[in-house]
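Coordinate analysis (summary)
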Amino acid sequence: PFDVLIVGGGPAGAAAAVYAARKGIRTGIASERFGGQVLDTLGIENFVSVKETEGPKFALALEEHVRHYDVDIMNLQRAKALKAGSDLIEIELENGAALKARSVILSTGARWRQVGVPGEAEYRNKGVAYCPHCDGPLFKGKRVAVIGGGNSGVEAAIDLAGIVAHVTLIEFADQLRADAVLQRKLASLPNVTTILNAQTTEVTGDGQKVNGLRYKDRVSGEQQHVELEGVFVQIGLVPNTEWLKGTLELSRHGEIVVDAKGQTSVPGVFAAGDATTTPYKQIIIAAGDGAKAALGAFDHLIRSSAP
Ligand code: FAD
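Residues numbered from 1 in each chain as written. Predicted model: local features only at pLDDT ≥ 70, side-chain atom pairs only at ≥ 80, totals over all residues. Heavy atoms only, no water.

Points about the overall build of the protein
To be explicit about the condition: Runs of H or I in DSSP of at least four residues are treated as helices and runs of E of at least two as strands, each being numbered from the N terminus. Only the C-alpha atoms count toward the radius of gyration. The rule for a globule is 2.2 Å times the residue count to the power 0.38. Summary of the burial criterion: residues with accessible area below 20% of their type's maximum are buried, those above 50% are exposed, and those between are partly exposed, where the area comes from a 1.4 Å probe applied to protein chains only. Any two residues whose heavy atoms approach within 4.5 Å at even a single point are treated as in contact. Accessible surface is estimated by sampling points in the Shrake-Rupley manner with a 1.4 Å probe; for residues, cover comes only from the protein chains shown. Positive residues here are Lys and Arg, negative ones are Asp and Glu, while His and the chain termini are left out of the count. Charged side chains are reduced to one point each, which is NZ for Lys, CZ for Arg, CG for Asp and CD for Glu.
Each helix and strand in the protein was counted, giving six helices and 19 strands. Rg of the C-alpha trace for the protein: 21 Å, near the compact-globule value of 19 Å for 307 residues, within the 12% margin. By its C-alpha atoms, the protein is 70 × 35 × 35 Å across when sized along the principal axes. The buried share among the 307 residues of the protein stands at 50%. Contacts spanning at least 24 positions in sequence make up 57% of the contacts within the protein whose residues lie at least 6 apart. Split by element, the accessible area of the protein, about 14900 Å² in all, is 51% carbon and sulfur. With 32 positive and 35 negative side-chain charges, the protein shows a separation of 2 Å between the mean positions of the two kinds.

Points about the packing of helix α1 (residues 11-21) against helix α6 (residues 283-303)
For clarity, the threshold we go by: Structural elements are reduced to axes, namely lines fitted to C-alpha atoms, with helices fitted over the stretch in contact, and the angle between N-to-C directions of any two is expressed from 0 to 180 degrees. Crossings are sorted by hand: turned counterclockwise from the far helix by less than a right angle, the near helix makes the crossing left-handed, and turned clockwise it makes it right-handed. For this scheme, ten residues count as nonpolar: Ala, Val, Leu, Ile, Met, Phe, Trp, Tyr, Cys and Pro. Four count as charged, namely Asp, Glu, Lys and Arg, and the remainder, Gly too, count as polar.
Packing of α1 against α6 brings their axes to within 7 Å, and their N-to-C directions diverge by 35°. Read as a crossing pair, α1 and α6 show a hand that is right-handed. Of the residues in α6, those in contact with P11, A12, A15, A16, Y19 and A20 of α1 are I283, A286, A287, G290, A291, A294 and L295. Its residues assigned to classes, the contact of α1 with α6 comprises 12 nonpolar, one polar and no charged.

What about the nonpolar core?
Just so we agree on the cut-off: For the purposes of this section, nonpolar cores are sets of buried Ala, Val, Leu, Ile, Met, Phe, Trp, Tyr and Cys residues that join through side-chain atoms within 4.5 Å.
Within the largest apolar cluster, 32 residues are counted, with the highest numbers of intra-cluster contacts made by V4, V66 and I105. Put simply, the parts of the chain that give this core at least two residues each are β1 (2-7), α1, α2 (55-67), β5 (71-75) and α6. The element that contributes the greatest number of residues to this core is α1, accounting for eight residues. Ignoring any residue separated from it by four or fewer positions in sequence, one finds V66 in contact with A14, A17, V18, F34, V71 and I73. Formed by 24 residues, the second largest nonpolar core is a distinct cluster that contains A30, L82, L106 and V269.

Re the site of the ligand
Rules: Proximity criterion: a residue is near a molecule or strand once any of its heavy atoms comes within 4 Å of it. By the criterion applied in these results, polar contacts are pairs of N or O atoms within 3.5 Å in which, for protein atoms, one can donate a hydrogen and the other can accept it, and in which residues neighboring in sequence qualify only through two side-chain atoms.
Close contacts around the ligand come from 35 residues, with R33, Q37, N46, A79 and I283 the closest. Between the ligand and P11, the relevant distance is 3.2 Å, taken from an oxygen atom to a main-chain nitrogen or oxygen of the residue. Contact distances for the ligand include 2.9 Å between an oxygen atom and a backbone N or O atom of D274. The protein chains hide 97% of the 1000 Å² of surface that the ligand would expose on its own. Of all the secondary structure elements, the ones that give two or more residues to the shell around the ligand are α1, β3 (43-44), β9 (110-112) and α6. Each residue belonging to the shell around the ligand can be placed in one class, and the counts come to 12 nonpolar, 16 polar and seven charged.

Side note on unusual backbone geometry
Its identity as a non-glycine residue notwithstanding, L76 has a phi of 60°, on the positive side. Here L76 is to be found in the loop between β5 and β6 (79-84). Classification of L76 as exposed rests on a relative accessible area of 71%. Unlike most non-glycine residues, N125 shows phi in positive territory, near 65°. Residue placement: N125 occurs in the loop between β9 and β10 (128-129).

Focus on the environment of E222
Looking at where E222 falls in the secondary structure, it is placed in the loop between β15 (210-217) and β16 (223-227). Residues E222 and D274, spaced 52 residues apart in sequence, show a C-alpha to C-alpha distance of 39 Å. In this structure, E222 is in contact with Y215, K216 and D217, ignoring residues within four places of it in sequence. Among the polar contacts made by the side chain of E222, one reaches the side chain of Q224 at a distance of 3.5 Å.

Some remarks on the confidence of the model for the protein
Test applied: Note: pLDDT gives the predictor's confidence per residue, expressed from 0 to 100.
Looking at the protein, the pLDDT average stands at 96 and 99% of residues meet or exceed 70. Taken over the whole predicted complex, pTM reads 0.94, whereas the ipTM for its chain interfaces reads 0.99.

Digging into the layout of surface pockets
For clarity, the cut-off: A cavity here means a set of points on a 1 Å grid, drawn over the protein atoms and nothing else, where a 1.4 Å probe fits but cannot get out; a pocket is an open set with protein on both sides within 12 Å along at least five of seven lines, and a residue lines either one if it has an atom within 4 Å of a point. Grid points are joined across faces, edges and corners, and a volume is the space filled by probe spheres set on the points.
Estimates place the volume of the second largest pocket at around 940 Å³. Forming the walls of the second largest pocket are 29 residues, and the residues nearest its centre are W112, S152, E155, Q234 and L237. Mapped onto the lining of the second largest pocket, the elements with two or more residues apiece are α3 (132-135), α4 (151-161) and β18 (237-239). Looking at the lining of the second largest pocket element by element, the count peaks at six residues for α4. A per-class count over the lining of the second largest pocket returns 11 nonpolar, 12 polar and six charged.

Observations concerning the side chain of T53
Secondary-structure assignment places T53 in strand β4 (residues 53-54). Among all residues touching T53, those that are not within four sequence positions of it are L42, G43, I44 and F58.

Some details on the packing of α1 against α2
Going by this rule: Roughly parallel refers to an angle under 35 degrees, roughly antiparallel to one over 145, roughly perpendicular to one between 65 and 115, and oblique to any angle outside these ranges.
Contact geometry of α1 with α2 gives a least axis separation of 9 Å together with a crossing angle of 20°. Taken together, the axis directions place α1 and α2 in an arrangement best described as roughly parallel. With respect to the hand of their crossing, α1 and α2 are arranged in left-handed fashion. Contact residues: α1 offers P11, A14, A17 and V18, while α2 offers L62, H65 and V66. Counted by class, the contact of α1 with α2 contains six nonpolar, one polar and no charged residues.

If you want it as structure tokens, here you go:
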């Protein structure tokens, strides 16, 4: 069996693998797509010490760093179940195989919920963005829309209003769902327009990049078009934890509940990164979280039965 088996090969899983392998213990990492969300990222400018890089380049660097150590890398493997026995923990893969380990680190990440309208996928990274902390500065002095009036949408609108020329907040319902304090702050900003009862129907562009957003006014039924350069989609981040339901404690958003050392509700099972309750979903945070979970797992191993 593995001493540490990591499920998920994004920044969190890669960092966990490096930290575990450096303890000289038997380490494996199984993932569907090594690199994770970073593979879908164009530019990365906020991983401190790396002023500027591209997502696929960063993903390759993660894999090279892990390969530098004695780690069993199992790519294109999707986990479908976790079984915690009295001694070993078992991870069942979609292909029917089962991997056994003395400790497990879950780092399966998350995915942004999409609006699912024409233009959204086509203009991804060409004006359509999902992460204001990451891509906000790219729209300095430009006009953007934020789709979604929950806490993350309103936070994004407030954040972006300080950088961009103008923000149009688009909400489907007849009122915003964000906390009152955020709504008050939003209302105080001169360069934000909020549109309620608006169903986004299309992200428009010139073939190269975004030039606007079309929505249906759900009261009048009329189609409207807003001219702008960027669209931030903020309708939810979904953790890749569906396969864990019923086996360990998840938050009401489906995030794996972890303590300060990355320990989950199941002894010997740790978790890190976007899949967990750790706040602020960022590469540097996921990587730090992965390192922490590996150290937590090592701590657990040296305290449990003989090696
Ligand atoms: P992920 O990167 O999501 O990796 C999850 C891993 O688990 C993948 O290998 C996946 O294939 C695997 N996996 C999932 N389910 C299973 C399963 N059942 N079995 C096996 N493997 C599984 N952050 C920044 O800091 N700066 C940026 O500039 C930035 N830009 C971004 C741009 C975009 C378009 C996106 C989508 C995100 C961006 N982020 C950025 C956020 C950042 O990418 C994430 O916070 C980070 O990748 C989270 O790392 P993670 O390891 O927790 O999860």
